[in-house]
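One letter stands for each residue in the lines below.
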Amino acid sequence: MNTQQLERMQNDTGFIAALDQSGGSTPKALRAYGVDDTAYSSDTEMFDLIHQMRSRVVTSPSFTSTHILGAILFEMTMNRKVEEMYTADYLWEKKRIVPFLKVDKGLAELKDGVQLMKPMPQLDNLLQTAKERHIFGTKMRSVIKEANEKGISAIVRQQFEIGLHIFQAGFVPILEPEVDIHCPDKEICEKLLIKEIKKHLAVLEDPVRLMFKLTLPTNAGAYSEIMEDVHVIRVVALSGGYTRQEANSLLAQNPGLIASFSRALLSDLSVKQTQEEFDQALKNSIQEIYDASIKG
């Protein structure tokens, strides 16, 4: 584990940029960027286009360590290069931005009101590659759709079990048990989730360090006890379908919580923008998210 990167994640101000759209969400991300489905005829061409977009983001003079602590990458992005450097090396060596990797393989079918993560039989191989590519931490997502105690318990158990395995391999895992913002019992889901997380944190051994990526809570300050736990480096928030304005407003009400936004970060960017227009739009978005992240 890189101690400089750990120090930065623990103590510096800023937020985490989520640049980890996977195969299933890439077409939607490209459409939002102004690239429709007719622009490519294969997955290879699609991933080339999304890498061009991500490269444009991370090489922009607006994308700096002044406001951004870390960036979450998709596996294919980790294995590609930006300006002749592997992406994680570019982020850290050129920008001093800490690289994370999305490691989950998508969501299982809905059961007991939740979607667990699909099996990850190749996780150890992926972690070995991540070590070679100088990745600091990982991220994995599962989703809560209903206030089902059995399902929420299962989702937290799975997140912690795999997270501990990842930590033992030398990485800082980000656990992401997302609560769907459209869930009719969102507040109850969050209370059940917090209860389960605290139960698992209470039995962790001292060396373990991890992070959480959680839905912006219904009740401001709901994650304060989790943030204060000795095992927790940071708690970051996903935008979850909120607009950037909505997400920033909620984020600013939660002291200590910082952003890890994807759509809310990139929503004003377009392939048709000049470089100057692109850089300015990205700068404005980053500044707004940063201000909300440090306001709490």
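In what follows, the structure referred to is the one given above.
Here goes a summary of the coordinates provided. Nothing here was measured: the structure is a model prediction, and the numbers come from that model.

## Some details on the packing of aromatic side chains
By the definition in use, this model includes three aromatic pairs. Relative to Phe136, the ring of Phe100 has its centre 5.6 Å away and its plane inclined at 90 degrees; by these criteria the two rings are edge-to-face. Placement of the pair is Phe100 in strand E5 (residues 98-102) and Phe136 in the loop between helix H6 (123-132) and strand E7 (137-144), with a sequence separation of 36 residues. Accessibility classification places Phe100 together with Phe136 in one group, the buried group. Pairing Phe160 with Phe212 gives two aromatic rings, centres 5.9 Å apart and planes at 55 degrees, and the pair type is tilted. Of this pair, Phe160 sits in helix H7 (residues 149-168) while Phe212 sits in strand E9 (residues 210-215), placing them 52 residues apart in sequence.

## Some remarks on the state of the cysteines
Applying the stated criterion to the full structure yields zero disulfides. For the unlinked cysteine Cys189, the closest cysteine sulfur is that of Cys183, found at 3.5 Å.

## With respect to the environment of Glu75
With respect to the secondary-structure elements, Glu75 resides in helix H4 (residues 75-78). Residue classification places Glu75 among the partly exposed residues on the basis of a relative accessible area of 27%. When neighbours within four sequence positions are excluded, Glu75 is seen to be in contact with Leu101, Lys105 and Leu126.

## Remarks on the pairing of E7
Burial within E7 is extensive, with seven of its eight residues counted as buried. As paired strands, E5 and E7 are joined by three bridges and run parallel to one another. Bridging from a neighbouring strand, Phe100 pairs with Gly137 of E7. With two bridges joining them, strand E6 (residues 114-115) and E7 adopt antiparallel strand pairing. When the sheet's bridge partners are listed, Val114 is paired in E7 with Ile144. Here eight bridges tie E7 to strand E8 (residues 172-179), and the two strands are oriented parallel to one another. By the bridge assignment for E8, Val143 is matched with Glu178. Considered for its hand, the β-α-β crossover made up of E7, H7 and E8 is right-handed.

## Let's talk about the nonpolar core
Side chains of nonpolar character tend, in soluble globular proteins, to be buried together. Counting residues in hydrophobic clusters, the biggest one holds 83 residues, and the most contacted among them are Phe63, Phe212 and Ile226. Residues contacting Phe63, with those up to four places away along its chain left out, are Ala17, Leu19, Val57, Val58, Ile68, Ala71, Leu91, Lys95, Ile97, Leu282 and Ile286. By size, the runner-up hydrophobic cluster in this structure holds 15 residues, among which are Leu6, Trp92, Phe100 and Phe136.

## Observations regarding the pattern of salt bridges
Tallied over the entire structure, the rule returns 15 salt bridges. The salt bridge partner of Lys102 is Asp104, with a shortest N-O separation of 2.8 Å. For the pair Lys102 and Asp104, a shared accessibility class is recorded, and that class is buried. Across the pair Asp268 and Arg244 runs a salt bridge, and its minimum N-O distance is 2.6 Å. Highlighted residues: Asp268 in the loop between helix H11 (263-266) and helix H12 (275-295) and Arg244 in helix H10 (residues 244-251), separated in sequence by 24 residues. When its relative accessible area of 38% is taken as the criterion, Asp268 is described as partly exposed. Overall, Arg244 belongs to the buried group, its relative accessible area being 5%. Through salt bridges with shared partners, a single network forms among Asp20, Lys139 and Glu176.

## Description of the packing of H6 against H7
At a minimum axis distance of 11 Å, the contact between H6 and H7 shows a crossing angle of 40 degrees. It follows from the interaxial angle that H6 and H7 lie oblique. Crossing angle aside, the handedness with which H6 passes H7 is right-handed. In contact with Leu123, Asp124 and Leu127 of H6, H7 contributes Ile162, His165 and Ile166. When the residues that make up the contact of H6 with H7 are grouped by side-chain class, the tally is four nonpolar, one polar and one charged.

## Quick look at the side chain of Lys95
Within the element layout of this structure, Lys95 appears in helix H5 (residues 87-95). Salt bridges are absent for the buried Lys95, whose nearest opposite-charge side chain, Glu83, sits at 7.9 Å. Reaching out from Lys95, the side chain makes a polar contact with the backbone oxygen of Ser60 at a distance of 2.8 Å. When sequence neighbours within four positions are dropped, the list of residues in contact with Lys95 reads Val58, Thr59, Ser60, Phe63, Ser65 and Tyr90.

Cut-offs used in this document
- Residues numbered from 1 in each chain as written.
- Predicted model: local features only at pLDDT ≥ 70, side-chain atom pairs only at ≥ 80, totals over all residues.
- Heavy atoms only, no water.
- Phe/Tyr/Trp six-rings, centres within 6.5 Å; stacked < 30°, edge-to-face > 60°.
- Helix = DSSP H or I, 4+ residues; strand = E, 2+ residues; numbered from the N terminus.
- Buried < 20%, exposed > 50% of the residue type's maximum accessible area, 1.4 Å probe, protein only.
- Disulfide = S-S within 2.5 Å.
- Contact = heavy atoms within 4.5 Å.
- Pairing = 2+ DSSP bridges.
- Right-handed = clockwise from strand over helix to strand, strands pointing away.
- Core = buried A, V, L, I, M, F, W, Y, C linked by side-chain atoms within 4.5 Å.
- Salt bridge = Lys/Arg side-chain N within 4 Å of Asp/Glu carboxyl O.
- Axes fitted to C-alpha atoms, helices over the stretch in contact; angles between N-to-C directions.
- Parallel < 35°, antiparallel > 145°, perpendicular 65-115°, else oblique.
- Left-handed = near helix turned anticlockwise from the far one by under 90°.
- Nonpolar A, V, L, I, M, F, W, Y, C, P; charged D, E, K, R; others polar.
- Lys, Arg positive; Asp, Glu negative; His and termini not counted.
- Polar contact = N/O pair within 3.5 Å; in protein donor to acceptor, adjacent residues only side chain to side chain.

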